[in-house]
Amino acid sequence: MQLHAPAHWRTVDCISDLHLDIPGSATYGALEHYLAQSPAQALLVLGDLFEVWIGDDALGDAQGIGTCVARLLANAARRMDVFIMCGNRDFLMGPQLLQACGARALPDPTVLHFGCQRLLLTHGDAQCLADTDYQQFRSTVRSPAWQNDFLAKPLPERQVLAQAMRAQSEANKAMQKSSAQPWIDLDTDACLQDLHTHGAQHMIHGHTHQPAEHALDGRHSRWVLSDWDMQATAPRAEVLRLALGKPDSASPLHMERLSVVGGPD
Ligand SMILES: [Mn+2]
């Protein structure tokens, strides 16, 4: 998709990988705090807003994480444009959830046109090509046939299945860590290919939880968003803020990482 920033957007915030699971958790509180004070005209969520999403009928739970997050975002959506991309944990987010959040869908990938720049927005899991087991799993669960079949199951059954899938994914991660295998990052050639295809200079993504700026070659780079975890030893909740410079400024677009927590209220 091509997303052309409307003229009134001066500041755009990108976040990802909040992995929200319990209303009232410290990370949930950080989101609430951030939404209340952000001056941005647009919020782009680049995947894994939720730890897991097993279908929009979960909104039937008035105290559930989906309903609570939707309430926060819908409130924020009255003064900022909210866009949500699916990640590898919450790829079953559907139109009902988006509507409840007052948000629009952000397909993966999307080219954001902002301040004379084209920025390629993606979650990042699709480019982790060296993880062939995951890529196979991904193509299965992203197929309409698998999704229709899964969503047709009763909600409690989906909850059990999702728990089993998470346990499996955690076990795989632990195995990967203990083996001598190098940690799997996004494939540089795949990123460059994507950037060329979309005529973009910078890629912004999440998924790996390894916040950094990587130069891919002399001209192209990728910016990796941080995950949010307020329960961690070093609590983190970070926003990548894109801000337009003054019309006569040398750099038309300013990109800055901001910590949502620890700063003054
Ligand atoms: Mn992810």
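Our structure is the block above this text.
Nothing here was measured: the structure is a model prediction, and the numbers come from that model.

Trainee: So, the coordination of the manganese ion: which residues are in play, and what are the values?
Mentor: The manganese ion binds to the protein through D48 (OD), N88 (OD1), H123 (NE2) and H207 (ND1), with metal-donor distances spanning 2.0 to 2.4 Å. Mapping the donors of the manganese ion onto the primary sequence yields the spacing D-x39-N-x34-H-x83-H. In this pair, D48 sits in the loop between β3 (42-46) and α2 (65-76) while H207 sits in the loop between β8 (202-205) and β9 (212-215), placing the two residues 159 residues apart along the sequence. Note on accessibility: D48 and H207 belong to one class, buried.

Trainee: Can you lay out the nonpolar core for me, pointing to particular residues and giving the numbers?
Mentor: I84 and W228 are the most contacted members of the largest nonpolar core, which has 40 residues in total. Where this core is concerned, the elements lending two or more residues are α1 (26-37), β3, α2, β4 (81-85) and α3 (95-101). The element contributing the most residues to this core is α2, with seven residues. Excluding anything up to four places from it in sequence, I84 contacts V45, L49, L73, M93, L98, C101, A103, R104, A105 and L106.

Trainee: Could you give an account of the packing of aromatic side chains, naming the residues involved and the relevant values?
Mentor: Taken as a whole, this structure holds six aromatic pairs when the rule is applied. Summarising the aromatic geometry, the rings of W9 and F83 are spaced 6.0 Å apart at their centres and angled 75° between planes, so their arrangement reads as edge-to-face. With a gap of 74 residues between them, W9 in the loop between β1 (2-4) and β2 (11-15) and F83 in strand β4 connect regions that are remote in the sequence. Each member of the pair, W9 together with F83, is buried. With 4.9 Å between their ring centres and 10° between their planes, W146 and F150 make a pair best called stacked. With W146 and F150 both in helix α5 (residues 144-151) and four residues apart, this pair spans about one turn of that helix. A relative accessible area of 21% means that W146 is categorised as partly exposed. Judged by relative accessible area, which is 5%, F150 ranks as buried.

Trainee: Before we move on, can you summarise the environment of C191 with the specific residues and values?
Mentor: Along the chain, C191 turns up in helix α7 (residues 188-197). Of the residues examined, C191 reaches a relative accessible area of 0% and is grouped as buried. In sequence terms C191 and L120 are 71 residues apart; their C-alpha atoms lie 9.7 Å from each other. Contact partners of C191, with chain neighbours within four places excluded, come to Q127, L186, M203, L216 and R222.

Trainee: Can you explain the sheet that holds β8? Please cite residues and give values.
Mentor: Where strands meet in a sheet, backbone hydrogen bonds hold them as pairs that are either parallel or antiparallel. Strand order across the open sheet formed by six strands is β1-β6-β7-β8-β10-β9, with mixed pairing between neighbours. With one partner strand each, in any of the chains shown, β1 and β9 form the two edges of the open sheet. With strand direction ignored, the average angle separating the axes of adjacent strands in the sheet is 25°. Relative to β8, strand β7 (residues 117-122) is paired through four bridges, and the arrangement is parallel. Of the residues in β8, the one forming a bridge with L120 is M203.

Trainee: I'd like a rundown of the side chain of R222, residues and numbers included.
Mentor: Position of R222 relative to the elements: it lies in strand β10 (residues 221-224). A polar contact of 3.1 Å, which involves the side chain of R222, links it to the side chain of D185. Every residue in contact with R222, bar those within four places of it in the chain, is listed here: D185, L186, C191, M203, H205, A212, E213, H214 and L216.

Trainee: How would you summarise the packing of α1 against α2 if you had to cite specific residues and measurements?
Mentor: Here α1 crosses α2 at 10°, and the two axes come no closer than 10 Å. Considering their axes alone, α1 and α2 lie roughly parallel with respect to each other. The hand of the α1/α2 crossing is left-handed. Residues Y28, L31, E32 and L35 of α1 form the contact with α2, whose own contacting residues are I65, C68, V69, L72, L73 and A76. When grouped by side-chain class, the residues that make up the contact of α1 with α2 number nine nonpolar, no polar and one charged.

Trainee: Give me unusual backbone geometry: which residues, what numbers.
Mentor: At the junction of D108 and P109, the peptide bond is cis and its omega measures out at 0° in the coordinates. With respect to the element layout, P109 can be found in the loop between β5 (104-105) and β6 (110-114). One non-glycine residue, D48, adopts positive backbone phi at about 55°. Even without being glycine, H207 reaches a positive phi, approximately 75°.

Definitions and limits used
Numbering of residues begins from 1 in every chain and follows the order in which that chain's sequence is written. Local features in this predicted model are restricted to residues of pLDDT 70 or higher, and side-chain atom pairs are both shown and tallied only at a pLDDT of 80 or more, whereas totals for entire chains, interfaces and linings draw on every residue. Only hydrogens and water are removed before side-chain values are computed, so all heavy atoms of the structure are retained for them. Only nitrogen, oxygen and sulfur atoms qualify as donors, and only when within 2.8 Å of the metal (3.2 Å in the case of Na, K and Ca); with water excluded, sites may look incomplete. Helix and strand assignments follow DSSP, with helices taken as H or I runs no shorter than four residues and strands as E runs no shorter than two, numbered in order from the N terminus. Relative accessible area decides the class of each residue, using a 1.4 Å probe on protein chains only: under 20% of the type maximum gives buried, over 50% gives exposed, and in between gives partly exposed. To form a nonpolar core, buried Ala, Val, Leu, Ile, Met, Phe, Trp, Tyr and Cys residues must be joined to one another through side-chain atoms within 4.5 Å. Every residue pair with non-hydrogen atoms within 4.5 Å of one another is taken to be in contact. Centres within 6.5 Å are what make two rings of Phe, Tyr or Trp a pair, Trp counting through its six-membered ring; a difference in plane orientation under 30 degrees is then read as stacked, over 60 as edge-to-face, and the rest as tilted. DSSP calls a pair of strands paired once it identifies at least 2 bridges connecting them. Every axis corresponds to a line fitted to the C-alpha atoms, with the helix fit spanning only the stretch in contact, and the corresponding angles, defined between N-to-C directions, vary from 0 to 180 degrees. Polar contact criterion, stated in full: a pair of N or O atoms within 3.5 Å, where within protein one must be able to donate a hydrogen and the other to accept it, and residues adjacent in sequence count only if both atoms are side-chain atoms. Oblique is the label for any angle not covered by the other classes, which are roughly parallel (under 35 degrees), roughly antiparallel (over 145) and roughly perpendicular (65 to 115). Crossing handedness is read from the near helix: turned anticlockwise from the far helix by less than a right angle, it gives a left-handed crossing, and turned clockwise, a right-handed one. Each residue is assigned to one of three groups, with Ala, Val, Leu, Ile, Met, Phe, Trp, Tyr, Cys and Pro labelled nonpolar, Asp, Glu, Lys and Arg labelled charged, and all others, Gly among them, labelled polar.

That's the geometry; what it means functionally is another story.
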